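# Observations on the three-dimensional arrangement
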Amino acid sequence: MPNGAARVRDARGGGADADADLPDGVKVEPVLSSDPHGPRVFLFDSGHGWMIYTFIRRVEDPRIIVEEVFWQ
């Protein structure tokens, strides 16, 4: 499996150990705990920045839609 395909599949998060391969200060979690397959928040720079995105799973053309980016 090519590396790009693995990254796309992991974009929506994948369980308790999904953050294991991320660098220090980076975390991915659902925006709402009641909707674990909905929008995700990508926290970076030890919480000083975030990106909220939605992963659209498609066979031919998977997409990540960025809804908001903030960094301070």
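As shown above, the structure is provided for reference.
Read on for an overview of the structure.

This paragraph deals with the sheet that holds strand S3 (residues 49-56). An order of S1-S2-S3-S4 is seen for the 4 strands of this open sheet, with the pairing classed as antiparallel. Whereas interior strands pair on both sides, the edge strands pair on one side only; in this sheet they are strand S1 (27-30) and strand S4 (63-71). Taking each pair of neighbouring strands and ignoring which way they run, the sheet shows an average axis angle of 25°. Pairing of strand S2 (residues 40-44) with S3 involves 5 bridges; the strand directions are antiparallel. Bridged to Arg40 within S3 is Tyr53.

Turning our attention to unusual backbone geometry. In terms of backbone geometry, most residues other than glycine have negative phi values and most peptide bonds are trans. The phi dihedral of Asp45 is positive, around 55°, even though this residue is not glycine. Relative to the elements of secondary structure, Asp45 occurs in the loop between S2 and S3. Despite not being glycine, Ser46 shows a phi value in the positive range, around 55°. Given a relative accessible area of 60%, Ser46 falls into the exposed group.

Residue placement: Asp24 occurs in the loop between helix H1 (3-10) and S1. For Asp24, a relative accessible area of 82% translates into the label exposed. With 22 residues separating them along the chain, Asp24 and Ser46 place their C-alpha atoms 7.6 Å apart.

Quick notes on the rules
- Residues numbered from 1 in each chain as written.
- Predicted model: local features only at pLDDT ≥ 70, side-chain atom pairs only at ≥ 80, totals over all residues.
- Heavy atoms only, no water.
- Pairing = 2+ DSSP bridges.
- Helix = DSSP H or I, 4+ residues; strand = E, 2+ residues; numbered from the N terminus.
- Axes fitted to C-alpha atoms, helices over the stretch in contact; angles between N-to-C directions.
- Buried < 20%, exposed > 50% of the residue type's maximum accessible area, 1.4 Å probe, protein only.

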